[in-house]
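# Chain and residue survey
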Amino acid sequence: MKGKVIGDILVLKNEPDNLQELLNLPEVKRIVKLGRINGVKREPDVEILVGDSTETIHRENHCFFKLDVAKIMWSKGNTTERQRIAKIVEDGEIVVDMFAGIGYFSIPMAVHSNPEKIYSIEINPVSYSYLNENIMLNKAEGIIEPILGDCREVAPKGIADRVLMGYIGNTHEFLDAAMEIVKPGGIIHYHESVPDLLKFKRPPQRIIDAAKGREVEILKKRIIKKYSPGVYHVVVDAKIN
Ligand code: SAM
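Computed from a predicted structure; not experimentally measured. (Residues numbered from 1 in each chain as written. Predicted model: local features only at pLDDT ≥ 70, side-chain atom pairs only at ≥ 80, totals over all residues. Heavy atoms only, no water.)

## Comments concerning the site of the ligand
Our working definition: Nearness here has a simple test: a residue counts as near a molecule or strand if at least one of its heavy atoms is within 4 Å of that partner. We call two N or O atoms a polar contact when they sit within 3.5 Å, provided that within protein one can donate a hydrogen and the other can accept it, with sequence-adjacent residues counted only if both atoms are side-chain atoms. Working definition of accessibility: Shrake-Rupley area with a 1.4 Å probe, residue cover restricted to the visible protein chains. Any residue that is not Ala, Val, Leu, Ile, Met, Phe, Trp, Tyr, Cys, Pro, Asp, Glu, Lys or Arg is counted as polar, Gly included; the first ten are nonpolar and the last four charged.
Neighbouring residues of the ligand: 22 residues in total, closest Asn78, Arg82, Glu122, Asp150 and Cys151. Ile123 places a main-chain nitrogen or oxygen 3.3 Å from a nitrogen atom of the ligand. In this structure, Cys151 approaches the ligand through a main-chain N or O atom, which is 3.0 Å from a nitrogen atom. Here the ligand loses 96% of its free accessible area of 600 Å² to cover by the protein chains. For the shell around the ligand, a count of residues per class yields ten nonpolar, seven polar and five charged.

In structure tokens form, the structure reads like this:
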């Protein structure tokens, strides 16, 4: 069985023969089958197999994430990165989360670290509305400021000690915007889906190119997960001086 439990919903890739047995799994009260994930807004196709609704609250690393599994994606493969990012922030930092979603990174940062402010930008109104609910559920109202819109247009400029680029697809097209958001000495966490042979070469090179002469110090390169055959989701931490 290929699947994951999100809140009290078991999300499967294929319809199983033993549907009723799966309801005995701990926490599982509903079951859905997940199809393709579509478009820049990452909206999944979902068929309900058991239950009559698809909204749930998922708990991870002492954080609450309310989401509708029929409308919003949840990547189990990103758990370690969410944990790493939660504690990476230094006291008093200003953070800009360019692709905030429902608060995947912003919420753990607000719960486990002590930033002054996190600007969390999200383009999809459905995700944005869950982001707002999750800010309240995790009592992060004083720290996270949610902003609805395209991060290239609405992000505050020149103020960030740390910029999160937790999106894969054409992330490099957003590096120019990230360079405007980060302040001198700030750090960019740049995500990319990249073929195996290029996995630690292309992402740092793209950051260096986008920096247009500003000094770039590559602090870390790590694989988050296998994305598809021969393709990895990697993250590079880069300090922009
Ligand atoms: N890293 C997350 C995780 O741990 O599962 C997944 C992030 S999610 C795939 C990326 C989010 O970026 C989506 O909610 C999408 O709507 C949003 N997004 C895409 N383009 C955007 C843009 N130009 N400005 C702001 N948000 C954008």
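## Considerations on the sheet that holds strand S8 (residues 117-122)
Strands pair in a sheet through their backbones, by hydrogen bonds, and they do so in one of two ways: parallel or antiparallel. The following threshold applies: Pairing between strands requires that DSSP locate at least two bridges from one strand to the other. Runs of H or I in DSSP of at least four residues are treated as helices and runs of E of at least two as strands, each being numbered from the N terminus. Note on definitions: angles span 0 to 180 degrees between N-to-C directions of axes, and those axes are lines fitted to C-alpha atoms, for helices only across the stretch in contact.
Ordered by their spatial adjacency, seven strands build an open sheet running S9-S8-S7-S10-S11-S13-S12, and the pairing between neighbours is mixed. If you trace the sheet from one side to the other, it starts and ends with strand S9 (144-148) and strand S12 (216-228), each paired once. Looking at each pair of strands side by side, their axes are set apart by 15° on average, direction ignored. For strand S7 (residues 94-97) and strand S10 (residues 160-165), the ladder comprises three bridges, and the chain directions are parallel.

## Quick word on the environment of Thr171
Put simply, the rule reads: Only heavy atoms matter for contacts: two residues are in contact if any of them lie within 4.5 Å across the pair.
Residue position: Thr171 is located in the loop between S10 and helix H6 (175-181). The spatial distance from the C-alpha of Thr171 to the C-alpha of Arg152 is 12 Å, given a sequence separation of 19 residues. If near-sequence neighbours (up to four positions away) are discounted, Thr171 is found in contact with Met165, Tyr190 and His191. Within the local environment of Thr171, its side chain forms a polar contact with the backbone oxygen of Tyr167, the two atoms lying 2.6 Å apart.

## Let's talk about helix H7 (residues 202-211)
Put simply, the rule is: Each residue is placed in one exposure class: buried if its accessible area under a 1.4 Å probe, protein chains only, is under 20% of its type's maximum, exposed if it is over 50%, and partly exposed if it falls in between. Here, the arc refers to the directions that run from the helix axis to the C-beta atoms.
Listing the buried residues of H7 in full gives Pro203, Pro204, Ile207, Ala210 and Ala211. Here the buried residues of H7 occupy an arc of 125° about the axis, which is enough to place them on one side. As for H7, its buried residues are in contact with H6, strand S11 (182-195), S12 and strand S13 (231-240). Count one or two residues on from H7 and you reach Lys212, which has phi positive near 45°.

## A few points about the packing of aromatic side chains
Geometrically, a pair of aromatic rings is defined through the distance of the ring centres and the angle of the planes. Just so we agree on the cut-off: Pairing of aromatic rings covers Phe, Tyr and Trp, the last through its six-membered ring, and needs centres within 6.5 Å; plane angles under 30 degrees mean stacked, over 60 mean edge-to-face, and all others mean tilted.
Counted under the stated rule, the structure contains five aromatic pairs. For the ring pair Phe65 and Trp74, a centre distance of 4.9 Å and an interplane angle of 55° mean the geometry is tilted. For Phe65, a relative accessible area of 0% corresponds to the buried category. Its relative accessible area of 3% is what places Trp74 among the buried residues.

## A look at the pattern of salt bridges
Quick reminder of the rule: Salt bridges are defined by distance alone: a side-chain nitrogen of Lys or Arg within 4 Å of a carboxyl oxygen of Asp or Glu.
This structure, assessed with the given rule, holds 17 salt bridges. The shortest N-O distance in the salt bridge between Arg82 and Glu60 comes to 2.7 Å. Here the residue Arg82 occupies a position in helix H2 (residues 79-86), and Glu60 occupies one in strand S5 (residues 55-60), the gap between them amounting to 22 residues. The same class applies to Arg82 and to Glu60, which are both buried. In this structure, Asp150 and Arg152 form a salt bridge, with 3.2 Å as the shortest nitrogen-oxygen distance. The class for Asp150 is buried, based on a relative accessible area of 16%. For Arg152, a relative accessible area of 39% corresponds to the partly exposed category.

## Some points on unusual backbone geometry
Positive phi, normally seen in glycine, also occurs at Glu27, with a value near 75°. Considering the arrangement of structural elements, one finds Glu27 in the loop between helix H1 (19-22) and strand S3 (30-38). Assessed through its relative accessible area of 59%, Glu27 is described here as exposed.

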